[in-house]
Amino acid sequence: ITIIGNLLIFMVTVHPSFRMPMYFFLRVLSFLDISTASIVVPKMLVNFLSEDRSISYMGCAAQLYCVIFLAATECYILAAMAYDRYVAICNPLRYAIIMNSRVCLSLVLLSCCSGNVVSVVQTAWVFTLPFCGPRNINYFFCDIPPLIMLCCTDTSLYEKQIIIATALVIFTPFCLILVSYACIISSILKISSAEGRHKTFSTCSSHLTVVTLYYASGTLIYLRPKSSNSQDTKKVLALMYTAIIPTLNPLIYSLRNKEVKGLLIKIIAE
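Residues numbered from 1 in each chain as written. Predicted model: local features only at pLDDT ≥ 70, side-chain atom pairs only at ≥ 80, totals over all residues. Heavy atoms only, no water.

The chain carries the name Olfactory receptor in an unreviewed UniProt entry, which gives Glareola pratincola as its organism. Here the chain is described in UniProt, under the heading Sequence similarities (unreviewed entry), as follows: "Belongs to the G-protein coupled receptor 1 family." Turning to the chain, the UniProt annotation filed under Subcellular location (unreviewed entry) states: "Cell membrane". (UniProt positions renumbered as here; feature names shortened; annotations may be inferred.)

Right, dumping it as structure tokens:
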């Protein structure tokens with residue numbers, strides 16, 4: 001369902017009528033969602049059906065790197081999408097000049113590079129910690145919270161480092177998103193007609209919904225990775241950003257966007 005939904009969004013937004021930067025970022029978001037689900041969900045489904053639920057040491061490290069890279073990159077892409085909406089609404093006459101193809105590509109590359117740096121540092125740090133005792137991970141994929149629970153040494157320094165990384169990956173982009181939407185709301189309130197205000201805000205509501213779901217689940221997991229919160233709660237939150245949100249994103253963006261919904265219905269009908 002995740003792959004089909006995001007592929008449909010990808011197919012729709014490559015149509016010549018969707019050459020706006022907003023749809024370019026939406027294609028990148030769909031690619032990230034497909035990749036995240038492909039890294040986590042197949043192994044999870046195999047574990048449901050097989051008695052052998054093991055994962056190799058290197059396989060675990062690779063899965064952790066990919067999940068952190070994709071999640072961090074998506075956080076930055078969501079911030080780039082907020083900036084795109086800010087320019088489109090607050091500076092519409094210069095939108096095409098400011099958000100040209102070079103700027104859009106640079107924002108995506110910067111997001112990927114930042115996500116890669118965060119992922120390399122986090123993965124390398126986790127796998128230099130000494131693991132001892134049971135090797136059972138109370139989780140459905142290799143992630144930071146269950147792995148540091150297996151450590152037989154004081155992890156307080158590493159937990160502080162995770163908080164710093166969380167601030168860089170989640171709070172910093174989120175603050176930029178809040179500033180962008182503060183300016184957007186200010187511009188919307190200046191629109192005289194109620195219909196115009198509603199139409200303008202409807203273009204942002206889909207993005208706000210995704211941002212709220214994604215950032216909230218990530219914050220609750222990584223801000224206190226070794227807290228007293230039950231692992232079951234963290235597993236539900238992790239399921240949110242690795243499986244549920246990638247499935248919901250195509251629905252959120254297609255149902256809230258008349259152009260996308262119209263062309264999607266046309267493609268399915270054909």
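That shown, we press on.
1. A look at the state of the cysteines
Within this structure, the stated rule accounts for 2 disulfides. The residue that forms a disulfide with C60 is C142, at a sulfur-sulfur distance of 2.1 Å. Taking the sign of the S-S torsion, about -120 degrees here, the bridge from C60 to C142 comes out left-handed. Taken together, the positions of C60 in helix α3 (residues 57-90) and C142 in the loop between α5 (101-126) and α6 (144-148) put the pair 82 residues apart, joining distant regions of the chain. On the basis of relative accessibility, which here comes to 5%, the residue C60 falls in the buried class. According to the relative accessible area criterion, C142 is buried, its value standing at 2%. Disulfide pairing is shown between C132 and C152; the S-S distance is 2.5 Å. (Disulfide = S-S within 2.5 Å. Helix = DSSP H or I, 4+ residues; strand = E, 2+ residues; numbered from the N terminus. Buried < 20%, exposed > 50% of the residue type's maximum accessible area, 1.4 Å probe, protein only.)

2. Observations regarding the pattern of salt bridges
Tallied over the entire structure, the rule returns 1 salt bridge. One salt bridge in this structure joins R85 and D84, with 3.1 Å as the shortest N-O distance. The same class applies to R85 and to D84, which are both buried. (Salt bridge = Lys/Arg side-chain N within 4 Å of Asp/Glu carboxyl O.)

3. What to know about the confidence of the model for the chain
Confidence in the prediction of the chain, expressed as mean pLDDT, is 85, and 90% of residues score 70 or more. Put simply, helix α10 (residues 258-269) is where the chain has its lowest mean pLDDT, 67, and α5 is where it has its highest, 94. (pLDDT = per-residue confidence, 0-100.)

4. Side note on the packing of helix α2 (residues 21-49) against α5
Close contact between α2 and α5 brings their axes to 10 Å; oriented N to C, the two are set at 25 degrees. As the angle between them shows, α2 and α5 are arranged roughly parallel. When you trace α2 past α5, the crossing you get is right-handed. For the pair α2 and α5, the contacting residues are P21, F24, F25 and V28 in the first and C104, L105, L107 and V108 in the second. (Axes fitted to C-alpha atoms, helices over the stretch in contact; angles between N-to-C directions. Parallel < 35°, antiparallel > 145°, perpendicular 65-115°, else oblique. Left-handed = near helix turned anticlockwise from the far one by under 90°. Contact = heavy atoms within 4.5 Å.)

5. Quick look at empty space enclosed by the protein
As enumerated under the stated definition, the model contains 2 cavities of 30 Å³ or more in all. Each pocket or cavity is described by its volume, and for the largest cavity that value is around 270 Å³. Lining the largest cavity are 19 residues; nearest its centre among them are I68, A71, V169, I170 and Y222. Contributing elements (two or more residues each) for the lining of the largest cavity: α3, α5, α7 (156-189) and α8 (194-222). Taken together, the residues of the lining of the largest cavity sort by class into 15 nonpolar, 4 polar and no charged. Taken as a whole, the second largest cavity encloses approximately 30 Å³ of empty space. In terms of lining, the second largest cavity is formed by N6, I9, L26, L29, S30, D33, N249, P250 and Y253. Elements supplying a minimum of two residues to the lining of the second largest cavity: α1 (2-13), α2 and α9 (231-255). It is α2 that provides the largest number of residues to the lining of the second largest cavity, a total of 4 residues. (1 Å grid on protein atoms, 1.4 Å probe; cavity = no way out; pocket = protein on both sides within 12 Å on 5 of 7 lines; lining within 4 Å. Points joined across faces, edges and corners; volume = space filled by probe spheres on them. Nonpolar A, V, L, I, M, F, W, Y, C, P; charged D, E, K, R; others polar.)

6. Examining the nonpolar core
Membership of the largest hydrophobic core comes to 71 residues, with the highest contact counts inside it found for L78, F141, I144, Y214, Y215 and Y241. Secondary structure elements with two or more residues in this core: α1, α2, α3, α5, α6, α7, α8 and α9. In this structure, L78 is in contact with L29, I177, H207, V210, V211, Y214 and Y215, ignoring residues within four places of it in sequence. (Core = buried A, V, L, I, M, F, W, Y, C linked by side-chain atoms within 4.5 Å.)

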